[in-house]
Amino acid sequence: MVGERVVEALLGSRPGLAGTAGDHRVDDRLPDFSADAVAGDRAMLVDAASALVEIDPDDLDVEERVDHALLSALVDRELFELTEIRGHEWDPLVHNPGPLLHALLSRPYAPVEVRLAALAGRLAAVPDALGRARRIRRLAACRPDRRRRPGRDPRLGRRRWEARLWHTLDTELSAAEIQRRAWANLDRVTDEIRAAAVELVGGPADDETVRRALDLLAAEHPDDHTIVDLASITLDEASDVVRAHDLVTVPDDPCVIQVMPQFARGVAVAYCDAPGGLETAAVPTFYCIAPTPVDWPARRVESFYREYNDHMIRNLTVHEAMPGHFLQLAHARRYAGSTRVRALIRSGPFVEGWAVYAEELMVGRGFGGLPVRLQQLKMQLRMTLNALLDQLVHAEELPEAEAMALLTGRGFQEEGEAAGKWRRALLTSAQLSTYFVGYSEMAEIAAARPRNVPLRHWHDEMLAHGSPPPRHLRTLLDL
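Residues numbered from 1 in each chain as written. Predicted model: local features only at pLDDT ≥ 70, side-chain atom pairs only at ≥ 80, totals over all residues. Heavy atoms only, no water.

Let us now look at the packing of aromatic side chains. If you walk through the whole model with that rule in mind, you get 4 aromatic pairs. Between Phe-304 and Tyr-308, the ring centres sit 5.1 Å apart and the planes meet at 35°, which makes this aromatic pair tilted. Assessed through its relative accessible area of 4%, Tyr-308 is described here as buried. Where Trp-354 meets Tyr-357, the ring centres are 5.5 Å apart and the plane angle is 55°; that geometry is what we call tilted. Here Trp-354 and its partner Tyr-357 are both found in helix H15 (residues 348–364), 3 residues apart, which amounts to about one turn of the helix. Grouping aromatic residues by their ring pairs yields a cluster made of Trp-296, Phe-304, Tyr-305 and Tyr-308. (Phe/Tyr/Trp six-rings, centres within 6.5 Å; stacked < 30°, edge-to-face > 60°. Buried < 20%, exposed > 50% of the residue type's maximum accessible area, 1.4 Å probe, protein only. Helix = DSSP H or I, 4+ residues; strand = E, 2+ residues; numbered from the N terminus.)

Here we come to the pattern of salt bridges. Opposite charge on two side chains permits them to pair, given that their charged atoms come into close proximity. This structure, assessed with the given rule, holds 36 salt bridges. One salt bridge in this structure joins Arg-333 and Asp-253, with 2.5 Å as the shortest N-O distance. On the criterion of sequence distance, the pair formed by Arg-333 in helix H13 (residues 325–333) and Asp-253 in the loop between helix H10 (227–244) and strand E1 (255–259) is long-range, its members being 80 residues apart. Given the relative accessible area of 19%, Asp-253 is considered buried. With a shortest N-O distance of 3.1 Å, Glu-414 and Arg-306 are connected by a salt bridge. Pair noted here: Glu-414 is in the loop between helix H17 (400–409) and helix H18 (415–427) and Arg-306 is in helix H11 (residues 298–307), with a separation of 108 residues, a long-range link. (Salt bridge = Lys/Arg side-chain N within 4 Å of Asp/Glu carboxyl O.)

Moving on to the packing of helix H8 (residues 175–201) against helix H16 (residues 369–396). Contact geometry of H8 with H16 gives a least axis separation of 9 Å together with a crossing angle of 155°. Overall, the two elements H8 and H16 adopt an arrangement that is roughly antiparallel. Judged by the sense of rotation from one axis to the other, the crossing of H8 with H16 is left-handed. For the contact of H8 with H16, a count of residues per class yields 18 nonpolar, 6 polar and 6 charged. (Axes fitted to C-alpha atoms, helices over the stretch in contact; angles between N-to-C directions. Parallel < 35°, antiparallel > 145°, perpendicular 65-115°, else oblique. Left-handed = near helix turned anticlockwise from the far one by under 90°. Nonpolar A, V, L, I, M, F, W, Y, C, P; charged D, E, K, R; others polar.)

Time to look at the environment of Tyr-308. Of note, Tyr-308 is situated in the loop between H11 and helix H12 (310–320). Residues Tyr-308 and Val-269, spaced 39 residues apart in sequence, show a C-alpha to C-alpha distance of 9.3 Å. If sequence neighbours within four positions are ignored, Tyr-308 has contacts with His-221, Pro-222, Val-269, Ile-313, Leu-316, Arg-382 and Glu-417. A distance of 3.0 Å separates the side chain of Tyr-308 from the side chain of Arg-382, its partner in a polar contact. (Contact = heavy atoms within 4.5 Å. Polar contact = N/O pair within 3.5 Å; in protein donor to acceptor, adjacent residues only side chain to side chain.)

With that out of the way, let us pick up helix H4 (residues 62–85). Between the first and last C-alpha of H4 there are 33 Å, a value that for 24 residues agrees with the 34 Å anticipated at 1.5 Å per step. Taken together, the buried positions of H4 are Val-66, Asp-67, His-68, Leu-70, Leu-71, Ser-72, Leu-74, Val-75, Leu-79, Phe-80, Leu-82 and Ile-85. In the core, the buried residues of H4 are packed alongside helix H1 (2–13), helix H3 (35–53), helix H7 (158–169), helix H14 (341–344) and helix H21 (470–476). Where H4 begins, the capping side chain belongs to Asp-61, and its oxygen is found 3.3 Å from the backbone nitrogen of Glu-63. Arg-86, located one to two residues past H4, shows a positive phi value of around 50°. (Expected span 1.5 Å × (residues − 1).)

Here strand E2 (residues 270–273) shows a buried face lined by Ala-270 and Cys-272 and an unburied face lined by Tyr-271 and Asp-273. In terms of strand pairing, E2 meets strand E3 (residues 285–289) through 4 bridges, oriented antiparallel. Residue pairing across strands places Cys-272 opposite Tyr-287, the latter belonging to E3. (Pairing = 2+ DSSP bridges.)

Moving on to the sheet that holds E3. Pairing in this open sheet of 3 strands is mixed, and the strands run E1-E3-E2 from one edge to the other. With one partner strand each, in any of the chains shown, E1 and E2 form the two edges of the open sheet. Here the average twist between neighbouring strands, direction ignored, is 20°. Its contacts with the sheet put H13 on E1, E2 and E3, and the angle it makes with E2 is roughly 20°.

Take the nonpolar core next. By size, the foremost hydrophobic cluster in this structure holds 98 residues, and its most contacted members are Tyr-287, Met-322, Met-362 and Met-462. Among the elements that make up this core, the one with the highest residue count is H16 (13 residues). Val-6, Leu-11, Val-38 and Leu-70 belong to the second-largest nonpolar core, a separate cluster that totals 26 residues. (Core = buried A, V, L, I, M, F, W, Y, C linked by side-chain atoms within 4.5 Å.)

Among all positions of H11, only Ser-303, Phe-304, Tyr-305 and Glu-307 are buried. Against helix H9 (207–218), H10, H12, H16 and H18 lie the buried residues of H11.

Counting through the fold element by element, Glu-359 comes out in helix H15. Nearest to the buried, unbridged Glu-359 among oppositely charged side chains is Arg-382, at 8.3 Å. Separated by 2.7 Å, the side chains of Glu-359 and His-319 make a polar contact. Contacts of Glu-359, omitting those with residues within four sequence positions, involve Asn-315, Val-318, His-319, Gln-376 and Met-379. (Lys, Arg positive; Asp, Glu negative; His and termini not counted.)

Written out as structure tokens, the structure reads:
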């Protein structure tokens, strides 16, 4: 079967993808970016694309048609990244071995001795891999067609950014339409957060009232020593609300809350690390939160925890865990199709869109009361600004000062949060757009629930097909 051969080739050539999916056969390897390996990888992807295009989707049933489209899109995206973006030539994050090493230590998918053997293999490959990365960067710096000189910021430019956005989102929306909708949503949510602030502290429905309300809530916050315990408490609280309102089926899977490992810090404040669809061992999901860096001054630490106050942590736990990423990915692992394609696919718009929708769902059921409602609206502003920042930075060369003014002004963000988001916008591209676009599409699908279908049943059905791009979910739900 063509699809299975392509899946097998992808799993064998991409240790990170394989480990995330739960296939551990190449756990002793690091990605190989030598010239010969890159050329071989390109040839494999070209052959895979050619084989997939020969398949007539009309000969397949609905589930297999979606799998064919997903696998074709994955192959095309990998080929685009390898030949157009060429991150291995300029992006140091591509060569960071930390995630692949840490996964072997943190995930008990096999006996210790098996994981240590794999770890030894990867550690042995580190010197050559890092040496090759340095040589690649030196060679790339000498090329007349190099994309960026060393030391320059990594903005992609409109052509490459729009192409990466297309591959990342797999949506029919254009970049211009996304930006138009984002500005409109920013105005809508601003009106809502002003009204909520008036409800909390009184006064006129303006930005100063919003700041007074947020300042009041910001005073109640954890610190480096209590943030993990607070997240554990909020996970229990959120789980109780999900069950009490029968919002979605809660799988009996373990979720471990822990401090984010050092190598992973600097891009996001929290993340959910869930086992993949091919994982056979009983491996927990990790909900990781980053404390402040040890060298931060007291003023910046205070700013961080004013942003991530008690009420924001409740909303964050909804997004990362219950009923957000942890619950959604637990449902996704239970999908069993005729191919392994869905185990390789985690659509950013689906995963992030569901999590943002989950925030709105929970405050609609009273979770955390008005304080969490205000934080959820602030997060709506944030995810909308994420999409704008992504496009303005990479396609319109937005200056840092203007970005900070936009985030602290329209987004009511603390200075430390805004500075971190500016850094994230430079370190990543297209990913920041997945929240807004995904939420827009997933909320529309949720609103399409037939009148005679209970809410829990509809949510379960939305989550029963893996994590495909929302447009394919519409097909699977016959919308």
